[in-house]
Amino acid sequence: MTRYIIKGGNPLNGEITISGAKNAAVAIIPATLLCDGPCRIENIPQISDVTMFLDILSRMGANIRTINKHTMEIDCSGVNRKEATFDAMRRIRASYYMLGAMLGKFGKATVAMPGGCNFGGDRPIDQHIKGFTAMGAKVEVKNGLVLAEAAEKLHGTKVYMDVVSVGATINVMLAAVLAEGTMVIENAAREPHIVDLANFLNAMGADVRGAGTDVIKIRGVKSLHGGAYSIIPDQIEAGTYMAAVAGAGGNVVIKNVIPKHLDCISVKLREMGVTVEDGEDFVRVISDGKITRTNIKTKPYPGFPTDMQPQLSVVLCLSDGTSVVTEGVWDNRYKYVDEIRKMGAKIQVDGRVAVIEGVEALTGAPVKACDLRAGAAMVIAGLCANGITEIEGVGYIERGYENLIEKLSDVGAEIFSEDIPDESVEQLNIG
Ligand code: EPU
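If you're wondering where the values come from, they're calculated on a predicted model, not measured in any experiment.

Trainee: I'm lost on the sheet that holds strand 20 (residues 346-350) in this one. Help?
Mentor: For sheets, the rule is that strands pair by backbone hydrogen bonds, running either parallel or antiparallel. What the four strands build is an open sheet, ordered 18-19-21-20; its pairing is mixed. Of all strands in the sheet, those with a lone pairing partner are strand 18 (296-297) and strand 20, marking the two edges. Contacting strand 18, strand 19 (322-326) and strand 21 (353-357), helix 10 (residues 309-316) runs over the sheet at an angle of about 170 degrees to strand 19.

Right, here's the structure in full:
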């Protein structure tokens, strides 16, 4: 097991290059199953969620060739396995995308249900099932497996999502690209990774329109071919480093980003007294570490992302007043608060609302990451705090952040990782 040790208090100065988007990669990689030729995917982040996904595909018979650090050629033409029930499936939440991809390709799928998780209650999949069922599949959940089968070819229809769900939107898109007729998803999620998946599918011969709006139309095509595609930069990785500079102070250029995707984060940081300058494919963040209080409410894109809530909440702990944070997406995403309190934060949580009273300073303490973004928030807290912070459970962080230690060290942070004797830090499926 590994832990991170951070000596806080250093301002951050220099440049950080952002990797490919995790949540786009974990949708596009299973989508290669729908293609009849090799797909060359560029800008793949080197993170454990991606490694696990590639492992799942290769165990199903995909031929995967590493071209370079961030480029893979994935050829799923030889895959004919309609089951993905191995344990690895239970470790990443996004493994449920195999359902849509296999159902779309073979008309049948048996997939291990992503298990319990550490925020959001049960993280239901009723909207995924609603979409598949509307297209003519029978879906059953039993013995920890999801079984989906279409007696006849899946057909397009209209489905209205009762909640805006990234996962359900993506899964229905995957199932619909090779279906008969036109599938219309209403109240669809609009996140950048949904647009990225649509662009990937269209580059391989699909006919997907409207991605990025709340109505997506997918006209089924006979087949998809192989080709080349480059994944968009990670909005949340970029936002995390922006938050780190805001809290720790400094002047950092965050490179390889799409500034438009960061608007909701940049606007909030400006309200907090931080300077954010947009370039063509970079943002510059300048902060003296003095934070103005504000309120945040998380919402589906283009609202403020729930995946940035813990990181900005931690920065608000150092503000000049009281801030109110409302979690509008997940039921229980404040588990990290107890850990941050050990560092001197003053946060009261009532249901989906956190009231944060700014303090003069945080102090280093031993803390434990309880999910990916909570872990990132603890790193930020450690960078801002006086003294030493030790973070356990960093396996969570490494699921979604490529080379975090190197990227932060390069801008002046004192952070390193240390191996410690194994103990049972349970890895639950998140992200
Ligand atoms: N929901 C339902 N029924 C469903 C699906 C979702 O009620 O069938 C509810 C959820 O309980 C939640 C809300 O709808 O309250 C939104 O869930 P969504 O389906 O959008 O989440 P997800 O697809 O499981 C993805 C990201 C998460 C991110 C959420 C929201 C991936 C792999 N994961 O999860 O990312 O928080 O969208 O933006 O794309 C992370 O990266 O740290 C992470 C957790």
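Trainee: Is there a simple way to explain the packing of aromatic side chains in this structure?
Mentor: Given two aromatic rings, one states the distance between the centres and the angle between the planes to describe the pair. Taken as a whole and assessed by the stated rule, the structure comprises three aromatic pairs. When the ring of phenylalanine 200 is compared with that of tyrosine 229, the centres are 5.7 Å apart and the planes differ by 80 degrees; the resulting orientation is edge-to-face. With phenylalanine 200 in helix 7 (residues 192-203) and tyrosine 229 in strand 14 (residues 227-230), this residue pair connects regions lying 29 residues apart in the sequence. We classify tyrosine 229 as buried; its relative accessible area is 12%.

Trainee: Teacher, can you tell me more about the environment of valine 349 here?
Mentor: On the secondary structure map, valine 349 appears in strand 20. According to the relative accessible area criterion, valine 349 is partly exposed, its value standing at 35%. It is 9.9 Å that separates the C-alpha atoms of valine 349 and aspartate 338, two residues lying 11 residues apart in sequence. Not counting chain neighbours up to four residues away, the residues in contact with valine 349 comprise Tyr334, Val337, Arg341 and Ala354.

Trainee: Any chance you could explain helix 6 (residues 166-176) here in plain terms?
Mentor: An α-helix turns once per 3.6 residues; consequently, residues spaced three or four apart project the same way. Along helix 6, 10 of the 11 residues are buried, which leaves the element largely enclosed by surrounding structure. Of all the residues in helix 6, the buried ones are Gly167, Ala168, Thr169, Ile170, Asn171, Val172, Met173, Leu174, Ala175 and Ala176. Where helix 6 begins, one side-chain oxygen reaches toward the backbone nitrogen of glycine 167, 3.4 Å away; that side chain belongs to serine 165.

How each quantity is defined
Residues numbered from 1 in each chain as written. Predicted model: local features only at pLDDT ≥ 70, side-chain atom pairs only at ≥ 80, totals over all residues. Heavy atoms only, no water. Pairing = 2+ DSSP bridges. Helix = DSSP H or I, 4+ residues; strand = E, 2+ residues; numbered from the N terminus. Contact = heavy atoms within 4.5 Å. Axes fitted to C-alpha atoms, helices over the stretch in contact; angles between N-to-C directions. Phe/Tyr/Trp six-rings, centres within 6.5 Å; stacked < 30°, edge-to-face > 60°. Buried < 20%, exposed > 50% of the residue type's maximum accessible area, 1.4 Å probe, protein only. Polar contact = N/O pair within 3.5 Å; in protein donor to acceptor, adjacent residues only side chain to side chain.

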